[in-house]
Amino acid sequence: MPHTVLLAEDDRAIRHALERALILEGYEVTAVADGVAALAQAHRGRPDVLVLDVMMPGIDGLQVARVLRAEGDSTPILMLTALVETADRIAGLDAGADDYVVKPFDVEEVFARLRALLRRTGGGNGTGQGAGSPARPAPPGTPDAPPPTAPRAAVPEEQPARPHLRAAGLRMDPQARRAWRGERELELTRTEFELLELLVRNAGIVLDHSTIYDRIWGYDFGPGSKNLAVYVGYLRRKLDEPGAPQLIHTVRGVGYVLRED
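Residues numbered from 1 in each chain as written. Predicted model: local features only at pLDDT ≥ 70, side-chain atom pairs only at ≥ 80, totals over all residues. Heavy atoms only, no water.

Enquirer: Can you explain the pairing of strand β3 (residues 49–53)? Please cite residues and give values.
Expert: With five of five residues buried, β3 lies mostly within the body of the structure. Pairing analysis gives four bridges linking strand β1 (residues 4–8) to β3, with the strands arranged parallel. By the bridge assignment for β3, Leu7 is matched with Val51. Strand direction decides the pairing type here: β3 and strand β4 (residues 77–81), joined by four bridges, are parallel. Paired with Leu50 across the strands is Ile77, a residue of β4. With respect to chirality, the unit in which β3 leads through helix α3 (residues 61–70) into the neighbouring parallel β4 is right-handed. (Buried < 20%, exposed > 50% of the residue type's maximum accessible area, 1.4 Å probe, protein only. Helix = DSSP H or I, 4+ residues; strand = E, 2+ residues; numbered from the N terminus. Pairing = 2+ DSSP bridges. Right-handed = clockwise from strand over helix to strand, strands pointing away.)

The structure is reproduced here in structure tokens:
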């Protein structure tokens, strides 16, 4: 089954060109011209991924992302934006976007970022009874039906304690996707959690840009990309505390390391 993309872009030329490119790449695309139509379409049928232009008339891409996240919709969102300031990109991440592409963009970069988002989320949102689902019991009286038995009281099973990752005063529960600095729980997006987990698992080790891009996004966007720097800066804002040591350190020309100085 092809992955489904909901594309919202008010510029007709960009919308049509990107829609054609995505279809040729094998995606099933629904293209709309504004945020109102994007929300309506998302409510009718949840796509595998959304591609939203930031600056649309009426309801813009940021507002669409905020509404969907407030409704508990975790569909990955890729933002298209002509705004290049760090504050603008942070606003998009704050609204619930998972990644962004700056206009004018190369369509191959859009494809790469979509592939990375879909890899991280599994790319599917269907439900149904699969091969591993428990079979329904045969009704009493059929040849294969077992004789009725009295119900047994359920005996609660003791659940093994989940191992937590710990480093530099941080604690993470990868299965529950929760993280704390000291006693303070951190509110992290999917990408922020994965980036922090990578740093915690490699505490004290300098990770270069290429390694982080490959592990988190599945693609190295090259030395000119500011994507990683934006996420590190945003993560620092959530980690840092007044009077406490900074945890994520920049090693200029190389990458980043997690340590408590």
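Enquirer: Kindly report on helix α1 (residues 12–24), identifying the contributing residues and their values.
Expert: Its 13 residues give α1 an end-to-end C-alpha distance of 18 Å, which sits within 8% of 18 Å, the value for a rise of 1.5 Å per residue. All of the buried residues in α1 are Arg15, Leu18, Ala21 and Leu22. Taken around the axis of α1, the buried residues stretch over an arc of 140°, which confines them to a single face. Pointing more than 90 degrees away from the buried face of α1 are the exposed residues Arg12, Ala13, Arg20 and Leu24. Lining the buried residues of α1 we find β1, β2 (28–32), β3, β4 and α5 (107–121). Where α1 begins, the capping side chain belongs to Asp11, and its oxygen is found 3.1 Å from the backbone nitrogen of Ala13. Gly26 occupies a position one or two residues after α1 and carries a positive phi of about 105°. (Expected span 1.5 Å × (residues − 1). Arc of directions from axis to C-beta. Contact = heavy atoms within 4.5 Å. Polar contact = N/O pair within 3.5 Å; in protein donor to acceptor, adjacent residues only side chain to side chain.)

Enquirer: Give a detailed account of the side chain of His249, specifying residues and quantitative values.
Expert: Inspection of the secondary structure assignment puts His249 in strand β11 (residues 248–251). Of the polar contacts made by the side chain of His249, one reaches the backbone oxygen of Gln246; its length is 3.0 Å. With near-sequence residues (within four places) excluded, His249 lies in contact with Arg236, Gly255, Tyr256, Val257, Arg259 and Asp261.

Enquirer: How would you explain the nonpolar core if you had to name every residue and give the values?
Expert: Of all hydrophobic cores here, the largest spans 52 residues; its most connected members are Met79, Leu195, Leu196 and Leu258. Considering each element in turn, this core owes the most residues, seven residues, to helix α8 (residues 227–239). In this structure, Leu195 is in contact with Ile212, Ile216, Leu228, Tyr231, Val232 and Leu235, ignoring residues within four places of it in sequence. Counting 17 residues, the second largest nonpolar core, distinct from the first, contains Leu18, Leu78, Phe111 and Leu117. (Core = buried A, V, L, I, M, F, W, Y, C linked by side-chain atoms within 4.5 Å.)

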